[in-house]
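Single-letter residue listing:
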Amino acid sequence: MIKIIIERRIMPGLGEEYEEAAREAMRESLGARGFVGGESLVELGHSDRRVMITKWRDLRAWKEWYSSETRTRVMQRLLPLLTEEERIRIYEPTTY
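Because the structure is predicted, anything quoted here is derived from the model rather than measured.

How each quantity is defined
Residues numbered from 1 in each chain as written. Predicted model: local features only at pLDDT ≥ 70, side-chain atom pairs only at ≥ 80, totals over all residues. Heavy atoms only, no water. Salt bridge = Lys/Arg side-chain N within 4 Å of Asp/Glu carboxyl O. Helix = DSSP H or I, 4+ residues; strand = E, 2+ residues; numbered from the N terminus. Buried < 20%, exposed > 50% of the residue type's maximum accessible area, 1.4 Å probe, protein only. Core = buried A, V, L, I, M, F, W, Y, C linked by side-chain atoms within 4.5 Å. Contact = heavy atoms within 4.5 Å. Pairing = 2+ DSSP bridges.

**Some details on the pattern of salt bridges**
Part 1 of the reasoning: This structure, assessed with the given rule, holds 12 salt bridges.
Part 2 of the reasoning: Taking the shortest distance from any N to any O, the salt bridge between Glu86 and Arg8 comes out at 2.8 Å. One end of the pair, Glu86, is in the loop between helix 3 (69-78) and strand 4 (87-91); the other, Arg8, is in strand 1 (residues 2-9), and 78 residues separate them in sequence. The exposure classification of Glu86 matches that of Arg8, with both residues buried.
Part 3 of the reasoning: Put simply, Glu20, Glu24, Glu28, Arg73 and Arg77 are held in one network by salt bridges that share partners.

**Digging into the nonpolar core**
Part 1 of the reasoning: Of all hydrophobic cores here, the largest spans 21 residues; its most connected members are Ile4, Tyr18, Trp56, Trp62 and Leu78.
Part 2 of the reasoning: Excluding residues within four positions of it along the chain, Tyr18 makes contact with Arg8, Ile10, Arg50, Met52, Leu78, Leu81 and Leu82.

**A look at the pairing of strand 2 (residues 35-43)**
Part 1 of the reasoning: Direction of pairing for strand 2 relative to strand 3 (residues 46-56): antiparallel, over a ladder of 8 bridges. Residue pairing in the sheet places Phe35 in a bridge with Trp56 of strand 3.
Part 2 of the reasoning: Where strand 2 hands over to strand 3, the hairpin turn is made up of 2 residues, of which Gly45 adopts a positive phi near 80°.

**Considerations on the environment of Val51**
Part 1 of the reasoning: With respect to the secondary-structure elements, Val51 resides in strand 3.
Part 2 of the reasoning: Val51 sits 12 residues away from Glu39 along the chain, and the two C-alpha atoms are 8.3 Å apart.
Part 3 of the reasoning: With residues near it in sequence (within four places) discarded, Val51 still touches Ile5, Ile6, Glu7, Glu39, Ser40 and Leu41.

Quick look at the structure:
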């Protein structure tokens, strides 16, 4: 099992549009093979900073989703709402 942390910064005044696009992206990921679950968070005191935390069966499942036509399509709606490129980090459980 792996977790993907995606950090995003939203352009001022586009929070509602972002939320709608992010919900669509999450709905689409529900059908992806290997998707386990996810959540969306907003940083306290900084409504322009968002984090998506998703859980995937394995790295292969994430990579398949990341390069899928479906993700490309939903990201076309999301990317124009961001002030900078999203930052993606991949985490796995420790073995100790």
